[in-house]
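Breakdown of the fold
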Amino acid sequence: MTITAPEAPAAATAPDVPFEVIPLSGNLGAEIPGLDLRTLDDDTIAAVRATWLHYKVVFFPGQDLTPQDHLAFARRFGEPTEGHPVIPGLPDQPEVFQIDYTQARELAAAYGDVSDVSRGLHWHTDVTFVRRPPLGSILRAVEVPRAGGDTLFSNQEAAFDDLSPALQEFLSTLTAVHDGQDQFKVILDLIGEGTWEGKTFTKLEPVEHPVVRTHPETGKRSLFVNPGFTSRIKELKRTESDALLAYLFQHSVRPEFTVRYHWQPGTIAFWDNRATQHAVVGDYGDHRRVIQRVTLRGDEPR
Ligand SMILES: [Fe+2]
């Protein structure tokens, strides 16, 4: 008798594509080796998009892209946004946002405060504190520590599917407030103004998004709250909101919904910001970790 192991949920309905795809965990994440992202034809781009929608985060190791190549690859999937609403992008490539925690700590030290600048980053979904958060982010590992500095991703559709139907339906009636002030007010005050979708602003106004959103391309529902930016649930009392958010924050990143990735220089990652959260592990001491990110314009969550 042959015993066959059951397929992991993410692998079960994976699209059939003309390149190798290596699933990295049961619920999300896959590595796609062997493609040169500078030379893909339209059919291959469509297959990459289908693979990305299925696995929610895909990694392309062994790439050698310049910031211009990075941006050109991003443009195959959508319209790049400003690098970040508050923090300026690279001087000659404003759509490319560089994240260097060493530099951030040095800058903070220059202003007399390093207490809040970590080497890592707690769970969040990128830029949910604007009305139209990015649909996805494409990241290029520029300089990485030999060990540490991994990124964790969590599948928010799997987290939603795991809840009881009664809680799913209740959550689907709720609205969450997302606020970027905690993280970015100080920087915005220093810089004076930020820009998003071509509009400048001097103050970050909180925005509202549904607690459960429906993916505009796949129709699947996912949890859409994150501890980085979600401050409260509008319809509930403060104590109820705090308790429910605390539960959702820990539920949404349970180990079985996640994948952890160790970077090599040159690796490109592309994640679906509408159905995931991610976190950076700050365990690399004084080693340097530099990444560059391009985000793609998204729609209003519904
Ligand atoms: Fe992020």
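Values in this document were obtained by computation on a predicted structure and should not be read as measured data.

**Section: the environment of valine 48**
Take valine 48: it is sitting in helix H2 (residues 42–55). The exposure class assigned to valine 48 is buried, which follows from its relative accessible area of 0%. For the pair formed by valine 48 and alanine 141, sequence separation is 93 residues and the distance between their alpha carbons is 19 Å. In this structure valine 48 touches Phe19, Leu35, Leu40, Phe60 and Phe77, once residues within four positions along its chain are discounted.

**Some details on the packing of aromatic side chains**
By the definition in use, this model includes 12 aromatic pairs. Taking the centre distance of 4.3 Å and the plane angle of 10° together, the rings of tryptophan 52 and phenylalanine 270 count as stacked. Taken as a pair, tryptophan 52 in helix H2 and phenylalanine 270 in strand S16 (residues 268–272) lie far apart in primary sequence, 218 residues in all. The burial state of tryptophan 52 is the same as that of phenylalanine 270; both residues are buried. Between phenylalanine 59 and tryptophan 263 the ring centres are 5.9 Å apart and the planes differ by 70°, which places this aromatic pair in the edge-to-face class. With phenylalanine 59 in strand S3 (residues 57–60) and tryptophan 263 in the loop between strand S15 (258–261) and S16, this pair connects stretches of sequence that are 204 residues apart. Tryptophan 263 shares its class with phenylalanine 59; the two are buried.

**Quick word on the environment of glutamate 95**
Note that glutamate 95 resides in the loop between helix H3 (67–75) and strand S4 (97–100). Between the alpha carbons of glutamate 95 and threonine 81 there is a distance of 6.2 Å; along the sequence they are 14 residues apart.

**Observations regarding the pattern of salt bridges**
It is possible for side chains of opposite charge to pair when their charged atoms get near one another. According to the stated counting rule, one finds 24 salt bridges in the structure shown. Between arginine 297 and glutamate 79 there is a salt bridge, and its shortest N-O distance comes to 3.3 Å. In this pair, arginine 297 is assigned in the segment after strand S18 (290–296) and glutamate 79 in the loop between H3 and S4, connecting sequence segments 218 residues apart. Arginine 297 sits in the partly exposed class, given a relative accessible area of 33%. On the basis of relative accessible area, glutamate 79 is assigned to the partly exposed category, the value being 44%. One salt-bridge network, in which partners are shared between bridges, spans Glu79, Arg131, Arg132, Glu197, Arg297 and Glu300.

Reading the values: rules and limits
Residues numbered from 1 in each chain as written. Predicted model: local features only at pLDDT ≥ 70, side-chain atom pairs only at ≥ 80, totals over all residues. Heavy atoms only, no water. Helix = DSSP H or I, 4+ residues; strand = E, 2+ residues; numbered from the N terminus. Buried < 20%, exposed > 50% of the residue type's maximum accessible area, 1.4 Å probe, protein only. Contact = heavy atoms within 4.5 Å. Phe/Tyr/Trp six-rings, centres within 6.5 Å; stacked < 30°, edge-to-face > 60°. Salt bridge = Lys/Arg side-chain N within 4 Å of Asp/Glu carboxyl O.

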